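One letter stands for each residue in the lines below.
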Amino acid sequence: MASGHGDSVFANVVRAPEDPILGVTVAYNKDPSPKKLNLGVGAYRTEEGKPLVLNVVRRAEQMLVNDTSRVKEYLPIVGLAEFNKLSAKLIFGVDSPAIQENRVTTVQCLSGTGSLRVGAEFLARHYHEHTIYIPQPTWGNHPKVFTIAGLSVKTYRYYSPETRGLDFQGLLDDLNAAPSGAIVLLHACAHNPTGVDPTPEQWEQIRQLMRSKGLLPFFDSAYQGFASGSLDEDAQSVRMFVSDGGECLVAQSYAKNMGMYGERVGALSIVCKSADVAVRVESQLKLVIRPMYSNPPIHGASIVATILKDSHMYDEWTVELKAMADRIISMRQKLFDALQARGTPGDWSHIIKQIGMFTFTGLNAQQVAFMTKEYHIYMTSDGRISMAGLSSQTVPLLADAIHAAVSTVV
Amino acid sequence: MASGMLSLTCPSSSSLSLPHQFKGGAAGKPKLLNQASFFGKRFVNAKSFTRTTMAVALNVSRFESITMAPPDPILGVSEAFRADTNEMKLNLGVGAYRTEDLQPYVLNVVKKAEKLMLERGENKEYLPIEGLASFNKVTAELLLGADNPLILQQRVATVQGLSGTGSLRLAAALIERYFPGAKVLISSPSWGNHKNIFNDARVPWSEYRYYDPSTVGLDFDGMIADIKAAPEGSFVLLHGCAHNPTGIDPTPEQWEIIADVIQEKNHIPFFDVAYQGFASGSLDVDASSVRLFAARGLELLVAQSYSKNLGLYAERIGAINIVCSSADAATRVKSQIKRLARPMYSNPPVHGARIVANVVGDPELFNEWKEEMEVMAGRIKSVRQKLYDSLRAKDKSGKDWSFILRQIGMFSFTGLNKAQSDNMTNKWHVYMTKDGRISLAGLSSAKCEYLADAIFDSYHNVS
């Protein structure tokens with residue numbers, strides 16, 4: 001074997017740590033203990049602790065694979081047209097005037113992350129304000145996506161550790177202090193990681209404030225249907241903003257609500273003032289996408305489109321989606337009850353008040369480390385647990401672990 | 001909430017974010033002046049204005065000043081083709097394989113793999129950031145040879161990427177971060193999207209001479225001179241086989257000299273391998289340039305695509321491979337590529353990766369694939385011959401069309417200029433890219449005569 005020239009050109013490349021969220025699963029997989037629990041990444045698990053592929057997804061996939069007329073030609077840069085139209089209707093409502101007036105451009109992207117990245121790159125190139133305000137805390141990947149796209153990231157107050165709820169006044173004060181035109185990231189529902197959402201009244205106040213300051217909303221909608229169990233209810237915040245005629249961006253993901261995680265299915269919509277602007281915006285989105293990956297993957301988007309356009313399959317989907325959302329809500333109740341039964345010190349009612357896949361337990365990093373070491377419970381160090389990873393079987397283990405952590409570690 | 005007109009409640013005008021640009025006009029109707037930074041350079045007449053209404057200001061889009069981008073020079077060709085209603089139309093734009101009936105082709109092995117996958121009822125969980133492990137393993141083996149010591153020594157960092165484009169982009173992002181200021185040398189001409197990728201990744205580039213129009217062949221001396229002249233430690237983008245758009249590849253002897261020069265200048269070879277198997281029909285032969293460099297112990301980057309050779313275009317499946325001087329370096333480099341993928345799309349799509357892992361990883365399916373590969377490459381070789389024969393028969397001017405036979409892979413660089421290419425489209429409804437490139441994968445033997453007529457006319461009658 002020839003030795004080539006001595007030193008590596010990669011000598012100055014250091015080893016990066018594992019991603020803080022996805023790295024939890026890496027660590028979990030390495031753990032040899034027979035009794036371990038992965039509450040890290042937000043991926044739904046059944047009561048048996050298994051990943052779930054929705055029945056309606058399996059059926060749609062079978063139809064597609066067995067359809068011999070289907071080909072694998074490149075999708076357009078903006079993706080599968082049918083998928084784009086159906087995705088816009090799903091988030092904005094079938095009767096949305098914005099859609100009817102052709103003021104919405106929707107492009108298929110790689111799940112939520114890809115939609116956020118494409119939107120951010122677009123804003124960094126074409127929008128006059130390059131600051132984006134993100135809630136404190138937010139999904140760990142948000143600041144990385146925006147920074148690498150060329151935006152500068154600031155935060156607005158969101159979570160109040162004292163109340164384990166929304167710091168609404170802090171939120172209003174911080175957005176009010178933002179420069180006119182700044183971009184504001186909003187979690188459409190089921191805030192990640194806290195599970196704390198504004199009420200409809202609070203959303204209306206946020207909307208008014210933002211419109212008065214010309215702040216540009218950028219919604220991250222990763223849990224439509226998963227928060228309350230109703231697709232329409234979970235889209236209310238977005239629709240409220242769209243119905244005032246203003247502009248906004250929306251990143252949609254089908255990872256959770258259709259269980260399409262690994263297929264990377266999502267969409268970026270930009271609601272514009274006019275159809276003419278929407279056409280030009282779309283043409284510029286293509287220039288962002290082409291040098292990134294040319295055009296998006298067909299498989300997942302085809303499955304989603306198949307389901308959304310067929311009223312029977314759509315209905316089936318809503319039933320399966322509600323079942324997932326309901327199971328999570330019941331896990332919340334079970335965990336809360338288990339902690340009450342153990343007399344665990346503290347107020348744990350936030351477990352049943354928070355919404356969506358995650359619970360922000362309020363546990364600190366030391367307590368989390370304790371739970372991992374002693375009880376083999378894997379979660380992110382901010383104290384976030386994925387309720388989707390719990391089952392009736394495993395709730396007692398988790399309750400024991402929390403009880404021990406809170407009692408022995410400060 | 002007032003409907004029909006955008007209205008916002010503003011508690012006081014001081015909370016209006018606009019600078020004081022509202023001035024009352026003659027009839028009490030204000031004009032919006034000097035709105036350059038917020039709305040672009042247009043005046044808007046207010047229909048009505050009250051202290052609490054923002055109707056004027058926000059009826060203008062924040063994106064008003066955005067201009068219409070031109071269509072993609074390659075992918076836009078197919079759009080134009082679709083819009084054409086003429087029955088003689090021929091799409092020789094994008095490099096997507098077509099059967100003799102000019103139909104898209106899904107390989108039999110792909111159909112078999114998908115059926116197997118369906119039967120197994122696999123889940124749709126997130127892949128790791130670096131992609132499907134079984135895919136990464138077989139793809140490195142396919143590229144370098146399963147028994148390559150580099151693989152046994154774990155010196156190859158392989159990360160699943162979004163086909164060729166996505167894999168190139170990950171590599172570009174790595175270069176930008178870890179080799180600041182380093183240039184990428186791109187052949188003149190090259191695939192149109194290469195420059196866009198490096199521009200968006202903010203990696204500087206320059207060109208090296210490649211295509212010689214006078215010989216319709218390789219400007220080898222120019223290529224070597226330009227690679228030598230580049231600053232030490234540049235990345236040299238090389239097409240592993242079946243150069244796109246010219247179809248002109250260096251000979252094995254020329255590859256050795258290219259490797260010598262790259263080694264002398266401590267440049268880093270960066271291969272784009274989008275046609276492995278499609279050039280000669282043999283997967284191993286088409287990988288020989290990459291293997292030649294790797295065997296010299298050079299560190300190198302290789303972007304792979306399965307769009308063409310497995311017909312998986314729309315599944316977006318490929319990989320970026322970094323061959324490093326040590327297993328430790330490979331581990332570190334892989335970890336940093338993951339850091340670049342995470343804020344781009346988090347983790348790659350599973351479907352295409354599983355198909356590849358099933359086909360390439362199963363000896364029976366792999367052999368079947370090799371056969372289908374030979375059929376596809378064979379069809380292209382035969383239309384090359386037929387096109388050449390048709391042109392020879394038509395053109396008695398003495399013009400030498402034999403370059404068509406020497407060129408390799410999906411494309412032929414016809415040597416037609418932009419005006420002539422336009423004539424091909426406008427008069428003959430033959431769709432191709434403006435650089436004179438035609439995709440032979442989109443040509444049937446039945447259409448060779450027609451195409452020969454079009455080329456003959458465009459070459460001789462248009463300047």
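Just so it is clear, the model here is predicted, and its values are computed rather than measured. (Residues numbered from 1 in each chain as written. Chains lettered and ligands numbered in written order. Predicted model: local features only at pLDDT ≥ 70, side-chain atom pairs only at ≥ 80, totals over all residues. Heavy atoms only, no water.)

Caption draft 1: Up close: the overall build of chain B. Along the backbone of chain B there are 18 helices and 15 strands. Counting every position in chain B, which comprises 463 residues, the buried fraction comes to 62%. A separation threshold of at least 6 residues defines the contact pool for chain B, and within that pool the share at least 24 residues apart is 72%. Per element, the accessible surface of chain B, about 17,900 Å² overall, is 52% carbon and sulfur. (Helix = DSSP H or I, 4+ residues; strand = E, 2+ residues; numbered from the N terminus. Buried < 20%, exposed > 50% of the residue type's maximum accessible area, 1.4 Å probe, protein only. Contact = heavy atoms within 4.5 Å. Areas by Shrake-Rupley, 256 points an atom, 1.4 Å probe, with all protein chains shown as cover.)

Caption draft 2: Looking closely at the overall build of chain A. Looking only at helices and strands, chain A has 16 helices and 13 strands in total. Expected size for 410 residues packed as a compact globule is a radius of gyration near 22 Å; at 22 Å, chain A falls within 12% of this value. Oriented by its inertia axes, the alpha-carbon framework of chain A measures out at about 65 × 60 × 55 Å. Sequence-distant contacts in chain A: of pairs separated by 6 or more residues, those separated by 24 or more amount to 76%. Measuring between centres, the 38 positive side-chain charges of chain A sit 4 Å from its 40 negative side-chain charges. (Rg over C-alpha atoms; globule rule 2.2 N^0.38 Å. Lys, Arg positive; Asp, Glu negative; His and termini not counted. Charge placed at Lys NZ, Arg CZ, Asp CG, Glu CD.)

Caption draft 3: Representation of the side chain of B:E315 in the model. Tracing the backbone shows B:E315 in the loop between β11 (300–305) and β12 (318–323). Side-chain polar atoms of B:E315 contact the side chain of A:K72, separated by 2.7 Å. (Polar contact = N/O pair within 3.5 Å; in protein donor to acceptor, adjacent residues only side chain to side chain.)

Caption draft 4: Summary view of the interface of chain B and chain A. Each side of the interface is counted separately: chain B has 100 residues, and chain A has 95 residues. Carbon and sulfur atoms make up 59% of the area that chain B and chain A hide from each other, which totals about 8,400 Å². One can count 13 salt bridges joining chain B with chain A. At the boundary of chain B and chain A, one finds 43 residue pairs in polar contact (both at pLDDT 80 or more). Examining the composition of the side of chain B that touches chain A, we find that 13 residues originate from one element, helix α13 (residues 327–345) of chain B, more than from any other. Here the side of chain B that touches chain A is built from residues that sort into 51 nonpolar, 26 polar and 23 charged. (Buried area = accessible area lost by both parts, 1.4 Å probe. Salt bridge = Lys/Arg side-chain N within 4 Å of Asp/Glu carboxyl O. Nonpolar A, V, L, I, M, F, W, Y, C, P; charged D, E, K, R; others polar.)

Caption draft 5: Structural context of the packing of helix α15 (residues 365–375) of chain A against helix α16 (residues 395–408) of chain A. Residues and elements named next belong to chain A. The geometry of α15 relative to α16 is characterised by a closest axis approach of 9 Å and an angle of 130° between their N-to-C directions. The angle between α15 and α16 falls in the class oblique. You can see that α15 and α16 cross each other, and the crossing is right-handed. Only L397, L398, D400, A401, I402, A404, A405, V406 and T408 of α16 make contact with α15, whose side of the interface consists of Q367, F370, M371 and Y375. Classifying every residue of the contact of α15 with α16 by side-chain character gives 10 nonpolar, two polar and one charged. (Axes fitted to C-alpha atoms, helices over the stretch in contact; angles between N-to-C directions. Parallel < 35°, antiparallel > 145°, perpendicular 65-115°, else oblique. Left-handed = near helix turned anticlockwise from the far one by under 90°.)

Caption draft 6: Highlighting the pattern of salt bridges. Applying the stated criterion to the full structure yields 47 salt bridges over all chains. For B:E114, the salt bridge is made with A:K72, and the minimal N-O distance between the two is 2.9 Å. With one member in each of two chains, B:E114 in helix α4 (residues 108–120) and A:K72 in the loop between α2 (55–66) and α3 (81–92) form a pair that bridges those chains. Here B:K418 makes a salt bridge to B:D422, at a shortest N to O gap of 2.9 Å. Here B:K418 and its partner B:D422 are both found in helix α17 (residues 418–428), four residues apart, which amounts to about one turn of the helix. Residue class for B:K418 comes out partly exposed when judged on its relative accessible area of 47%.

Caption draft 7: Seen up close, the nonpolar core. Counting residues in each nonpolar core, the largest one holds 252 residues, and the members touching the most others are A:L335, B:F63, B:F293 and B:W369. Structurally, this core is a two-domain feature, drawing no fewer than three residues from each of domain 1 (20–53 + 322–403) and domain 2 (74–309) of chain A. Leaving out residues up to four positions away in the same chain, B:F63 has contacts with A:F122, A:L123, A:Y127, A:L216, A:E247, A:L249, A:I270, A:V277, A:R280 and A:V281. Grouped together as the second largest cluster of nonpolar side chains are 36 residues, A:F92, A:Y159, A:L209 and A:V242 included. (Core = buried A, V, L, I, M, F, W, Y, C linked by side-chain atoms within 4.5 Å. Domains from an automatic or database assignment.)

Caption draft 8: Fine view of the packing of aromatic side chains. Considering all chains together, one arrives at 33 aromatic pairs over all chains under this definition. Note on A:F10 and B:F179: the rings are 5.8 Å apart at their centroids and 85° apart in plane angle, and the pair reads as edge-to-face. Taken together, the residues span two chains, with A:F10 in the segment before α1 (22–30) and B:F179 in the loop between α7 (163–178) and β5 (184–188). Classification of B:F179 as buried rests on a relative accessible area of 13%. Each ring, one from A:Y28 and one from A:Y378, has its centre 5.7 Å from the other, and the planes form 85°; the classification is edge-to-face. Separated by 350 residues along the polypeptide, A:Y28 in helix α1 and A:Y378 in strand β12 (residues 377–378) bring together distant segments of the chain. A connected cluster of aromatic rings, assembled from ring pairs, spans A:F10, B:F179 and B:F235. The ring of B:F81 is capped by B:K89, whose NZ or CZ atom sits 4.3 Å from the centre of that ring. Here the guanidinium or amino end of B:R437 rests over the ring plane of B:F411, the centre of that ring lying 3.8 Å away. (Phe/Tyr/Trp six-rings, centres within 6.5 Å; stacked < 30°, edge-to-face > 60°. Lys NZ or Arg CZ within 6 Å of the ring centre and 35° of its normal.)

Caption draft 9: Layout of the UniProt feature "domain: Aminotransferase class I/classII large" (unreviewed entry) in chain B. UniProt marks residues 88–455 of chain B with the feature "domain: Aminotransferase class I/classII large" (unreviewed entry), using the numbering shown here. Secondary structure across residues 88–455 of chain B divides into 48% helix and 14% strand, with the first and last C-alpha atoms of the span separated by 15 Å. (UniProt positions renumbered as here; feature names shortened; annotations may be inferred.)

Caption draft 10: Structural view of the sheet that holds strand β10 (residues 266–271) of chain A. Residues and elements named next belong to chain A. The seven strands are arranged β2-β10-β9-β8-β7-β3-β4 in an open sheet whose pairing can be described as mixed. Every other strand in the sheet has two partners, leaving β2 (104–109) and β4 (152–157) as the edge strands with one partner each. Strand-to-strand twist in this sheet, taken as the mean axis angle between neighbours without regard to direction, amounts to 25°. Inspection of the sheet shows strand β7 (residues 183–187) paired to strand β8 (residues 216–221) by five bridges, in the parallel sense. (Pairing = 2+ DSSP bridges.)

Caption draft 11: How the structure looks around the packing of α2(A) against helix α12 (residues 298–309) of chain A. Residues and elements named next belong to chain A. Contact pair α2 / α12: the axes reach a minimum separation of 9 Å and the direction vectors enclose 110°. Relative to α12, the element α2 is oriented roughly perpendicular. Seen along the crossing, α2 lies across α12 with a hand that is right-handed. Residues V56, V57, A60, E61, M63, L64 and V65 of α2 lie in contact with α12, whose contacting residues are H299, S302, I303, T306 and I307. For the contact of α2 with α12, the class distribution of residues is eight nonpolar, three polar and one charged.

Caption draft 12: Layout of the domain arrangement of chain A. Residue and element names in this part refer to chain A. By domain assignment, chain A separates into domain 1 (20–53 + 322–403) and domain 2 (74–309). Using C-alpha coordinates to define each centre, domain 1 is positioned 28 Å away from domain 2. Remark: the boundary between domain 1 and domain 2 carries zero salt bridges. For the interface between domain 1 and domain 2, the tally reads six residue pairs in polar contact (both at pLDDT 80 or more). Elements with a minimum of two residues in the side of domain 1 that touches domain 2: α13 (311–342) and β11 (358–360). Among the residues forming the side of domain 1 that touches domain 2, the class breakdown is 11 nonpolar, seven polar and four charged.

Caption draft 13: Representation of unusual backbone geometry. A cis amide bond links B:S188 to the next residue, B:P189, at an omega of 0°. Within the element layout of this structure, B:P189 appears in the loop between β5 and α8 (192–200). B:N244 connects to B:P245 through a cis peptide bond whose omega is 20°. Note on placement: B:P245 falls in the loop between β9 (235–239) and α10 (252–264). Even without being a glycine, A:R264 presents a positive backbone phi close to 60°. With respect to the secondary-structure elements, A:R264 resides in the loop between β9 (248–253) and β10. The buried category is assigned to A:R264, whose relative accessible area is 2%. Positioned with a positive phi, B:A242 is a non-glycine residue whose angle comes to about 55°. The topology assignment puts B:A242 in the loop between β9 and α10.

Caption draft 14: Representation of the pairing of β9(B). All names here are of chain B. With respect to burial, β9 is a largely interior element, five of its five residues being buried. Alternating positions in β9 separate into two faces, F235, L237 and H239 on one and V236 and L238 on the other, with burial throughout. Direction of pairing for β5 relative to β9: parallel, over a ladder of two bridges. The residue of β9 that forms the bridge with V184 is F235. Where β9 meets strand β10 (residues 268–273), five bridges bridge the pair, whose relative direction is parallel. Counted as the bridge partner of L238 is F271 from β10. Handedness of the β9-α10-β10 crossover: right-handed. (Right-handed = clockwise from strand over helix to strand, strands pointing away.)

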